[in-house]
Amino acid sequence: MNILVTGGAGFIGSNFVRHMLAAHSDYRIINLDKLTYAGNLENLTEIEKDPRYAFEHGDICDRSRVQMCVVRYEIDAIVHFAAESHVDRSIMGAAEFVRTNAVGTQVLLDVAREMKIRRFVQVSTDEVYGSLGTEGAFTETTPLHPNSPYSASKASADMLALAYHHTFGFPVVITRCSNNYGPYQFPEKLIPLMIANALADKPLPVYGDGMNVRDWLHVSDHCRAIDRVLHDGTIGEVYNIGGNNEKPNLEIIRLILRHLNKPESLITFVKDRPGHDRRYAIDATHIRKTLGWTPSYTFERGIAETIDWYVEHAEWWKRIVSGEYMKYYRALYENR
Ligand code: NAD
Ligand code: TYD
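In this report, we go over the structure that sits alongside the text.

### Topic: helix α2 (residues 63–72)
Owing to its 3.6 residues per turn, the α-helix brings residues three or four apart onto one side. Of all the positions in α2, only Val66, Cys69 and Val70 are classed as buried. Within α2, the buried residues cover an arc of 95° as seen down the axis, which keeps them to one side. Seen from the open side of α2, the exposed residues pointing more than 90 degrees away from its buried face are Ser64, Val71 and Arg72. Next to the buried residues of α2 lie β1 (2–6), β2 (28–33), β3 (53–57) and α4 (95–114). Once α2 ends, the next one or two residues include Glu74, with phi positive near 45°.

Shown next, in the form of structure tokens:
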């Protein structure tokens, strides 16, 4: 099988490329990525010389570039990760989110339909469902209620994908996963940001009261789930992916500090994120029952390995947290 992975130089995409090459010896993986601030070919150095892998630099909004990739590599399936992915950046400016996440997905869907692609996996997020109170969990039939520009742009993409299935019988499957953590996550996100700041003895900026809850899943369990959906998911269906692992942000931050032997005095409460979703939790019964997927990582093991990975790969994230990133960091956190 020849698979076009979009956004394969990002956090989850790069883990997925590695996973697929390891799990399927006869597959060819083509990575189409624009290399935005979040795309980093260093995430793929281990496999870049693998003859079953090819990188194509390009924008998913560029129809002829997408078309060229599909034709040249005789693509059978598309797994679509490429996105602007950070909520805080979407609050600072939504234009790129609408362009890449909504319009880019429409361009991909159009090319894929014309080229008779056999399967299209739309990698989405639990954030399209909005925020939960203290009880309950999102199921696949929970109404969409996106609250941030990021989640609104992802919900638009999901709805387009489902509309293409309904209207044209296009073979799309959607996955909606909870928050991922693991190696190669860009240090703007909670867990790597807190690890990097703690290692540098810098303040850890906690939004609001620190009691917002996310349902954390190790990225390799997410990749295994997408692999299952790609092969055996039912066309037109949505699959929620999550590990029953709800944690308030403060609990995770304290765990990171303990693991690194750093003082809790680094914790600094800052002004809340506007429109901050209070709680996410996933009911993953559907994928567990129909595709037999279960997470393999416990959170204790996953978070310990992840913290150690960032300690051992300081040169990877130190290169990122300079330059453009410093400008972003100052704009978001200075005088907050
Ligand atoms: P990321 O920001 O780390 O990576 C995004 C990648 O997409 C980068 O390599 C970037 O260069 C590329 N990209 C951006 N715009 C592009 C464009 N126009 N054309 C081609 N490439 C482009 O994101 P991530 O955390 O790896 O998330 C990947 C996907 O998974 C996203 O669709 C996101 O919505 C979804 N998701 C993420 C999480 C999470 O916790 N990170 C959870 C659920 C779902
Ligand atoms: P994030 O990693 O941005 O993921 P998302 O908002 O998409 O779930 O944030 C996870 C949680 O951590 C969220 O409740 C916001 C909070 N957070 C902070 O408290 N401080 C920070 O500096 C960041 C980046 C996030």
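### A look at the site of ligand 1
If you check the shell around ligand 1, you find 28 residues, and the closest are Ile12, Asp33, Ser85, Tyr150 and Lys154. Between ligand 1 and Phe11 there is a distance of 3.0 Å, counted from an oxygen atom to a backbone nitrogen or oxygen. Between ligand 1 and the protein, one listed contact pairs an oxygen atom with a side-chain N or O atom of Lys154 at 2.6 Å. Notes on ligand 1: free accessible area 840 Å², of which the protein chains cover 97%. Sorting the residues of the shell around ligand 1 by element identifies α1 (11–23), β5 (119–125) and α5 (149–168) as the ones contributing at least two each. Residues belonging to the shell around ligand 1 are distributed by class as follows: 12 nonpolar, 12 polar and 4 charged.

### Here we look at the site of ligand 2
The immediate surroundings of ligand 2 are formed by 19 residues, with Glu127, Arg214, Arg273, His276 and Tyr333 found nearest. Between ligand 2 and Arg273, the relevant distance is 2.5 Å, taken from an oxygen atom to a side-chain nitrogen or oxygen of the residue. Contact between ligand 2 and His276: an oxygen atom at 2.7 Å from a side-chain N or O atom of the residue. A total of 510 Å² of accessible area belongs to ligand 2 in isolation, and the protein chains cover 97% of it. Put simply, the parts of the chain that give the shell around ligand 2 at least two residues each are α6 (190–199) and β8 (204–207). Taken together, the residues of the shell around ligand 2 break down into 9 nonpolar, 5 polar and 5 charged.

### A closer look at the nonpolar core
Among the nonpolar cores identified, the biggest contains 36 residues, and Ile191, Ile195, Leu204, Ile253, Ile256, Leu257 and Trp316 are the most heavily contacted of them. Elements that contribute at least two residues to this core include exactly α6, β8, α8 (249–259), β13 (267–270), α10 (299–312), α11 (314–320) and α12 (324–333). Here the element with the most residues in this core is α6; it accounts for 6 residues. If near-sequence neighbours (up to four positions away) are discounted, Trp316 is found in contact with Asn40, Glu42, Asn43, Tyr184, Gln185, Phe186, Trp309 and Tyr310. Grouped together as the second largest cluster of nonpolar side chains are 31 residues, Leu32, Val70, Leu108 and Ala155 included.

### Description of the pairing of β2
Counted residue by residue, β2 has 5 buried out of 6 residues, so it is predominantly covered. What joins β1 to β2 is α1, and the crossover it makes is right-handed.

### Regarding unusual backbone geometry
With a phi angle near 45°, Glu74 is a residue other than glycine that sits in the positive phi range. With respect to the secondary-structure elements, Glu74 resides in the loop between α2 and β4 (77–80). One non-glycine residue, Asp201, lies in the positive phi region at around 55°. With respect to the helices and strands, Asp201 occurs in the loop between α6 and β8.

### Quick notes on the side chain of Arg214
Mapped onto the secondary structure, Arg214 falls in strand β9 (residues 213–215). Summary of buried charges: Arg214 has no salt-bridge partner, and the nearest side chain of opposite charge, Glu127, is 5.3 Å away. A polar atom in the side chain of Arg214 sits 3.2 Å from the backbone oxygen of Asp277.

### Side note on the packing of aromatic side chains
The full count for this structure, using the stated rule, is 18 aromatic pairs. Where Tyr310 meets Trp316, the ring centres are 6.2 Å apart and the plane angle is 70°; that geometry is what we call edge-to-face. Judged by relative accessible area, which is 4%, Trp316 ranks as buried. Within the aromatic cluster, the residues linked to one another by ring pairs are Tyr37, Phe186, Tyr207, Tyr325, Tyr328, Tyr329 and Tyr333.

The rules behind these values
- Residues numbered from 1 in each chain as written.
- Chains lettered and ligands numbered in written order.
- Predicted model: local features only at pLDDT ≥ 70, side-chain atom pairs only at ≥ 80, totals over all residues.
- Heavy atoms only, no water.
- Buried < 20%, exposed > 50% of the residue type's maximum accessible area, 1.4 Å probe, protein only.
- Helix = DSSP H or I, 4+ residues; strand = E, 2+ residues; numbered from the N terminus.
- Arc of directions from axis to C-beta.
- Contact = heavy atoms within 4.5 Å.
- Near = heavy atom within 4 Å.
- Polar contact = N/O pair within 3.5 Å; in protein donor to acceptor, adjacent residues only side chain to side chain.
- Areas by Shrake-Rupley, 256 points an atom, 1.4 Å probe, with all protein chains shown as cover.
- Nonpolar A, V, L, I, M, F, W, Y, C, P; charged D, E, K, R; others polar.
- Core = buried A, V, L, I, M, F, W, Y, C linked by side-chain atoms within 4.5 Å.
- Right-handed = clockwise from strand over helix to strand, strands pointing away.
- Lys, Arg positive; Asp, Glu negative; His and termini not counted.
- Salt bridge = Lys/Arg side-chain N within 4 Å of Asp/Glu carboxyl O.
- Phe/Tyr/Trp six-rings, centres within 6.5 Å; stacked < 30°, edge-to-face > 60°.

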